[in-house]
Amino acid sequence: MGNRAIIKGVGTNIGVYVHWNGGYDSVRAFTEYCKLKGYRSPESDPAYGTARLVQIIGNYFGGSCSVGVENMGGATILTPELVKELYLDNGVYEIENWEIVKHWNPDVIAPENEFHEGYDLTEMLIAIDECQPVKEQLSKEYITAELVDPKTLNLYDEVFVQDFTGKVEKHTVVGFAPGNITPLNGHDISGLPFIGKYSAPNYQDNINNYLTDKLVRKVKGDDEND
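This report concerns the structure included in the present document. Per chain, the residues get numbers from 1 upward, laid out in the order the sequence is written. Where totals are concerned, whole chains, interfaces and linings use all residues; where local detail is concerned, this predicted model gives features only for residues with pLDDT of at least 70, and gives and counts side-chain atom pairs only at 80 or more. Processing note: side-chain calculations cover all non-hydrogen atoms of the structure and skip hydrogens and water entirely.

### Brief notes about the sheet that holds strand 1 (residues 5-9)
Piece 1. Taken in spatial order, the five strands of this open sheet run 3-2-1-4-5, and their pairing is mixed. Each edge of the sheet is formed by a strand with only one pairing partner; in this case those strands are strand 3 (67-71) and strand 5 (99-104). Shown here is a sheet whose adjacent strand axes are inclined to one another by a mean of 30°, direction ignored.
Piece 2. A pair of strands is considered paired only if DSSP assigns at least 2 bridges between the two. Secondary structure elements are taken from DSSP: a helix is a run of H or I of four residues or more, a strand is a run of E of two residues or more, and numbering for both begins at the N terminus. Across five bridges, strand 2 (residues 14-18) lies against strand 3 in antiparallel orientation. Bridge pairing in strand 3 links Gly-15 to Glu-70.
Piece 3. Only heavy atoms enter the contact rule, under which two residues are in contact if any of them lie within 4.5 Å. Lines fitted to C-alpha atoms define the axes here, with helix axes fitted over just the stretch in contact, and angles between the N-to-C directions of these axes take values from 0 to 180 degrees. Against the sheet, helix 2 (residues 46-61) makes contact with strand 1, strand 2 and strand 3, and its axis sits at roughly 10° relative to strand 2, the strand it touches most.

In structure tokens:
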């Protein structure tokens, strides 16, 4: 017995088999965690994307038989018939950009209401994070941080910033670009805040200091943590 499912990138023939936690809520949490980490998604990079998903799920489960890699042969395009032949409790999930875009969920195996386990997404993300090696963890504080428009930040606000390795650090807003300023490295930085990370003391001259994402994670102040 199990709670089996396969998770695969759209258009790929390599999937991640899970023997447990194959319901929609768990799979969504696994993929969302990979998205938070900034990993490449399996449909765009089947080798590395699939490996990172295996890594995260394997760390969560531990043991030796809860997760595997499924070679689906030439089956890059699924059909209901193929999914039924796999005889999985929860069918096959196809993902793109770490979002579930298709759930092949054969009713002959289980009724629809058995696919949702009732797990809270935030709580599941925290649980997954705590099972990762300490140096790889995002932290509960990061996962529960408020997502805000960077232009709503104030001077000396703290934000979480991930570097190219996925490491998360707290950094302080030390200034703002003026309005209608000339683009920097091809980016429109008008009104955007920048942090004090690179190229001291001329932080405003390094595009990597600017908070260019649509949303950023703001560190809670001491009064918000009480």
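Now that the structure has been shown, the text picks up again.
### Describing the pattern of salt bridges
Piece 1. Here a salt bridge means any side-chain nitrogen of Lys or Arg lying within 4 Å of a carboxyl oxygen belonging to Asp or Glu. One pass over the structure, following the stated rule, counts eight salt bridges.
Piece 2. With a closest N to O distance of 3.1 Å, Glu-94 and Lys-8 form a salt bridge. Note that Glu-94 is positioned in strand 4 (residues 92-96) and Lys-8 in strand 1, a separation of 86 residues in sequence. Comparing Glu-94 with Lys-8 shows no difference in burial state: the two are buried.
Piece 3. The closest approach of N and O atoms between Lys-35 and Glu-99, which form a salt bridge, is 2.6 Å. With Lys-35 in helix 1 (residues 24-37) and Glu-99 in strand 5, the pair connects residues that are 64 residues apart, well separated along the chain.
Piece 4. Each residue's exposure class comes from its accessible area (1.4 Å probe, protein chains only) as a fraction of the maximum for that residue type: buried when under 20%, exposed when over 50%, partly exposed otherwise. We classify Lys-35 as partly exposed; its relative accessible area is 39%.
Piece 5. A single salt-bridge network, built from bridges that share partners, covers Lys-167, Glu-169 and Lys-197.

### Considering the packing of helix 1 against helix 4 (residues 121-130)
Piece 1. The geometry of helix 1 relative to helix 4 is characterised by a closest axis approach of 9 Å and an angle of 65° between their N-to-C directions. For the element pair helix 1 and helix 4, the recorded crossing hand is right-handed. Between helix 1 and helix 4, the contacting residues are Ser-26, Arg-28, Ala-29, Phe-30, Glu-32, Tyr-33 and Leu-36 on the first element and Leu-121, Met-124, Leu-125, Ile-128 and Asp-129 on the second.
Piece 2. Gly counts as polar in this scheme, as do all residues outside two lists: the nonpolar Ala, Val, Leu, Ile, Met, Phe, Trp, Tyr, Cys and Pro, and the charged Asp, Glu, Lys and Arg. In terms of residue class, the contact of helix 1 with helix 4 is made up of eight nonpolar, one polar and three charged. By definition, any crossing whose near helix is turned counterclockwise from its far helix by less than a right angle is left-handed, and any crossing with a clockwise turn is right-handed.

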